[in-house]
Amino acid sequence: MSFLVYILIGIALTGAAIFIKSRYVSFGAQQPQDYADGPQFDIRERFNGPIVCEGIIYGPTGRVSSRFVADFEASWTGNVGTMVETFRYDSGSVQNREWTLTLGNDGSIKAEAPDVVGAGSGKQEGSAVLLNYRIKLTEEAGGHALDVTDWMYLMSNGSILNRSQFRKFGIKVAELVATMRPRDQVYAGE
């Protein structure tokens, strides 16, 4: 075989491995129907009233680049909700965002915010919620538009665990891990 054939076989095998990994064994391989069983995550119920959120953001090297605590206030009129968020970062900066969430009768979600390019889309099914959207960072943060895959999982105690990945040109540049819970929720032992 010629050298060119070996290169083409190598490219084909690498492409196949990347496809298999992304489709079956990575963060992006999850589907809402994977979480159809378990407690039911209804965003109208879980994202309602005052919510506290605590989290960290990992940079592209996998190290923690930022920590935050946030206060959310959410309310609903039928299937349309508003969630006002105030993030306080360990750097001292404060960020505000207001989401408008529209829940379809099939569990589909339309998510809009001023720093979201167009509208995000997602689905609630079983114990999880998926949102995909494109977010425009502030000029202080570089002004880039990033593709976000945002998974939220309902825990047995009513808390929500959030894991998000941020990508630019398909390359992961940041990851967020956070918890959300009603402000008045008390845990056993507190």
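All figures in this text were calculated on a predicted structure; none of them were measured in a lab. (Residues numbered from 1 in each chain as written. Predicted model: local features only at pLDDT ≥ 70, side-chain atom pairs only at ≥ 80, totals over all residues. Heavy atoms only, no water.)

## Here's the deal with the overall build of the protein chain
(1) Moving on: Summing up its helical and strand segments, the protein chain has two helices and ten strands in all.
(2) Moving on: For the protein chain, the C-alpha atoms occupy an extent of roughly 70 × 40 × 40 Å along the three principal directions.
(3) Moving on: Burial analysis of the protein chain (190 residues in total) assigns 37% to the buried set.
(4) Moving on: Long-range contacts, defined here as pairs at least 24 residues apart, represent 34% of the contacts in the protein chain between residues at least 6 apart.
(5) Moving on: Accessible surface computed for the protein chain: about 11000 Å², of which carbon and sulfur atoms make up 58%.
(6) Moving on: Distance between charge centroids for the protein chain: 7 Å, based on 18 positive and 21 negative side chains. (Helix = DSSP H or I, 4+ residues; strand = E, 2+ residues; numbered from the N terminus. Buried < 20%, exposed > 50% of the residue type's maximum accessible area, 1.4 Å probe, protein only. Contact = heavy atoms within 4.5 Å. Areas by Shrake-Rupley, 256 points an atom, 1.4 Å probe, with all protein chains shown as cover. Lys, Arg positive; Asp, Glu negative; His and termini not counted. Charge placed at Lys NZ, Arg CZ, Asp CG, Glu CD.)

## Side note on the packing of aromatic side chains
(1) Moving on: The tally for this structure, following the rule as stated, stands at seven aromatic pairs.
(2) Moving on: Between W99 and Y133 the ring centres are 5.2 Å apart and the planes differ by 75°, which places this aromatic pair in the edge-to-face class. Here the residue W99 occupies a position in strand 4 (residues 94-103), and Y133 occupies one in strand 7 (residues 128-136), the gap between them amounting to 34 residues. With respect to class, W99 is no different from Y133; both count as buried. (Phe/Tyr/Trp six-rings, centres within 6.5 Å; stacked < 30°, edge-to-face > 60°.)

## Quick word on the nonpolar core
Considering soluble globular proteins, one finds that nonpolar side chains tend to be buried as a cluster.
(1) Moving on: The biggest cluster of nonpolar side chains holds 35 residues, and the ones touching the most others in it are F47 and F68.
(2) Moving on: Per element, the largest residue contribution to this core is five residues, and it comes from strand 2 (residues 64-77). (Core = buried A, V, L, I, M, F, W, Y, C linked by side-chain atoms within 4.5 Å.)

## Considerations on the side chain of S164
(1) Moving on: Turning to its location among the elements, S164 is positioned in strand 9 (residues 160-168).
(2) Moving on: Within polar-contact distance, the side chain of S164 engages the side chain of D150 at 2.6 Å. (Polar contact = N/O pair within 3.5 Å; in protein donor to acceptor, adjacent residues only side chain to side chain.)

## As for the sheet that holds strand 7
(1) Moving on: Sheet architecture is closed into a barrel: ten strands sit in the order 1-2-3-4-5-6-7-8-9-10, paired in antiparallel fashion. Averaged over all neighbouring strand pairs, the angle between strand axes comes to 25°, with direction disregarded.
(2) Moving on: Sheet topology note: the strand 6 (residues 120-125)/strand 7 ladder contains five bridges and is antiparallel. Note that in strand 7 the partner of S121 across the bridge is N132. (Pairing = 2+ DSSP bridges. Axes fitted to C-alpha atoms, helices over the stretch in contact; angles between N-to-C directions.)

## A word on the pairing of strand 1 (residues 49-58)
On a regular strand, one side chain projects to one face of the sheet and the next to the other, so that they alternate.
(1) Moving on: Here ten bridges tie strand 1 to strand 2, and the two strands are oriented antiparallel to one another. Counted as the bridge partner of I56 is R67 from strand 2.
(2) Moving on: Once strand 1 ends, the chain turns through five residues before running back antiparallel as strand 2, passing G62 with a positive phi of about 90°.

## Points about the layout of surface pockets
(1) Moving on: Of the pockets and cavities examined, the largest pocket occupies roughly 1000 Å³.
(2) Moving on: Taken together, 45 residues line the largest pocket, and the ones lying closest to its centre are I57, Y89, Q95, R97 and F166.
(3) Moving on: Where the lining of the largest pocket is concerned, the elements lending two or more residues are strand 1, strand 2, strand 3 (80-89), strand 4, strand 7, strand 8 (145-154), strand 9 and strand 10 (171-182). (1 Å grid on protein atoms, 1.4 Å probe; cavity = no way out; pocket = protein on both sides within 12 Å on 5 of 7 lines; lining within 4 Å. Points joined across faces, edges and corners; volume = space filled by probe spheres on them.)

## Points about the pattern of salt bridges
(1) Moving on: Enumeration according to the criterion identifies 13 salt bridges in this entry.
(2) Moving on: As a salt-bridge pair, E54 and R181 come within 3.7 Å of each other at their nearest N and O atoms. Of this pair, E54 sits in strand 1 while R181 sits in strand 10, and the two are 127 residues apart along the sequence.
(3) Moving on: On the basis of relative accessible area, E54 is assigned to the partly exposed category, the value being 32%.
(4) Moving on: Given a relative accessible area of 16%, R181 falls into the buried group.
(5) Moving on: In this structure, R97 and E85 form a salt bridge, with 3.4 Å as the shortest nitrogen-oxygen distance. (Salt bridge = Lys/Arg side-chain N within 4 Å of Asp/Glu carboxyl O.)

## What to know about unusual backbone geometry
(1) Moving on: Of note in the backbone geometry, F169 takes a positive phi value of approximately 55° without being a glycine.
(2) Moving on: Within the secondary structure, F169 sits in the loop between strand 9 and strand 10.
(3) Moving on: What makes F169 exposed here is its relative accessible area of 75%.

## Some thoughts on a nonpolar patch on the surface
(1) Moving on: Together, F3, L4, I7, L8 and I11 make up a nonpolar patch on the protein surface, roughly 540 Å² of accessible area in all.
(2) Moving on: Looking at where F3 falls in the secondary structure, it is placed in helix 1 (residues 3-24). (Patch = residues over 30% accessible without salt bridge, like charges linked within 9 Å, V, L, I, M, F, W, Y side chains within 5 Å.)

It is worth stressing that arrangement in space is one thing and function is another; only the former is reported here.
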